[in-house]
Amino acid sequence: MSRTAEKVLSIISVVLTTIGVFISFALLALFNYLKSDPLIQDEFEAEMLLMDPTLTPEHIEVMYGAFGVIGGFMWLIIISLIISLILTIIGIVNIWKNKNPKLAGTMFIIAGLTAGILSLTSILLYIVGILCFTKKPALTDESQLVDDKYDGMMRPL
């Protein structure tokens, strides 16, 4: 059985996920650079004091420290995308020679969940996973047919 659609869609999702990982790394590096820049810190402090002059330096440090949470969240996104990339590659390996389409479908669905619930990549992976589960192999020889004893018709196993 030809699984061309699954192969093409899964390769497109690998490319999109790889691009997402590189962009996320670049954004994380830019964010860390901006967070460590003393000019940005001074500007942030001045802006906070302008908005609320009653703030103490300790309050401003706590607010500025919240940027560490954003960096941690960005790492979570990167790790999730890498897991999705690995699962998609495992799915491609299992679908390539039509080895194990059920396992590949499961890997694609899980990879779609880790790539983001409603991103373009995850939607492609959901479609590929559903195709892996719903496509049935064509019967190629009569050894796969069984004689139905009730009406004498040959039916697939």
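Residues numbered from 1 in each chain as written. Predicted model: local features only at pLDDT ≥ 70, side-chain atom pairs only at ≥ 80, totals over all residues. Heavy atoms only, no water.

## Let's talk about the packing of aromatic side chains
Under the definition given, this model contains three aromatic pairs. Taken together, a centroid distance of 5.8 Å and an interplanar angle of 80° make the contact between Phe-25 and Trp-75 edge-to-face. Of this pair, Phe-25 sits in helix H1 (residues 4–36) while Trp-75 sits in helix H4 (residues 67–96), placing them 50 residues apart in sequence. On the numbers, 6.1 Å between centres and 65° between planes, the contact of Phe-31 with Phe-67 is edge-to-face. Of this pair, Phe-31 sits in helix H1 while Phe-67 sits in helix H4, placing them 36 residues apart in sequence. On the accessibility criterion, Phe-67 (24% relative accessible area) is partly exposed. Here the aromatic cluster, defined as three or more aromatic residues joined through ring pairs, consists of Phe-31, Phe-44 and Phe-67. (Phe/Tyr/Trp six-rings, centres within 6.5 Å; stacked < 30°, edge-to-face > 60°. Helix = DSSP H or I, 4+ residues; strand = E, 2+ residues; numbered from the N terminus. Buried < 20%, exposed > 50% of the residue type's maximum accessible area, 1.4 Å probe, protein only.)

## Focus on helix H6 (residues 120–134)
In this model H6 runs 21 Å from its N-terminal to its C-terminal C-alpha over 15 residues, within 8% of the 21 Å that 1.5 Å per residue would give. Of all the positions in H6, only Thr-121, Ser-122, Leu-124, Leu-125, Tyr-126, Val-128, Gly-129 and Cys-132 are classed as buried. Contacts made by the buried residues of H6 are with H1, H4 and helix H5 (101–114). (Expected span 1.5 Å × (residues − 1). Contact = heavy atoms within 4.5 Å.)

## Some words on the environment of Ile-11
Take Ile-11: it is sitting in helix H1. Sequence-wise, Ile-11 and Ile-92 are 81 residues apart; in three dimensions their C-alpha atoms are separated by 7.9 Å. Not counting residues within four places of it along the chain, the set of residues in contact with Ile-11 comprises Ile-92 and Trp-96.

## Here we look at the side chain of Ser-84
Within the secondary structure, Ser-84 sits in helix H4. In this structure Ser-84 touches Thr-17, Ala-111, Thr-114, Ala-115 and Leu-125, once residues within four positions along its chain are discounted.

## So, a nonpolar patch on the surface
Together, Ile-11, Val-15, Ile-19, Ile-23, Leu-27, Leu-30, Tyr-33, Leu-34, Ile-40 and Trp-96 make up a nonpolar patch on the protein surface, roughly 920 Å² of accessible area in all. Top element by residues in the nonpolar patch is H1. It accounts for eight residues. Along the chain, the position of Leu-30 falls in helix H1. Of the residues examined, Leu-30 reaches a relative accessible area of 45% and is grouped as partly exposed. (Patch = residues over 30% accessible without salt bridge, like charges linked within 9 Å, V, L, I, M, F, W, Y side chains within 5 Å. Areas by Shrake-Rupley, 256 points an atom, 1.4 Å probe, with all protein chains shown as cover. Salt bridge = Lys/Arg side-chain N within 4 Å of Asp/Glu carboxyl O.)

By themselves, these observations are geometric and do not establish any function.
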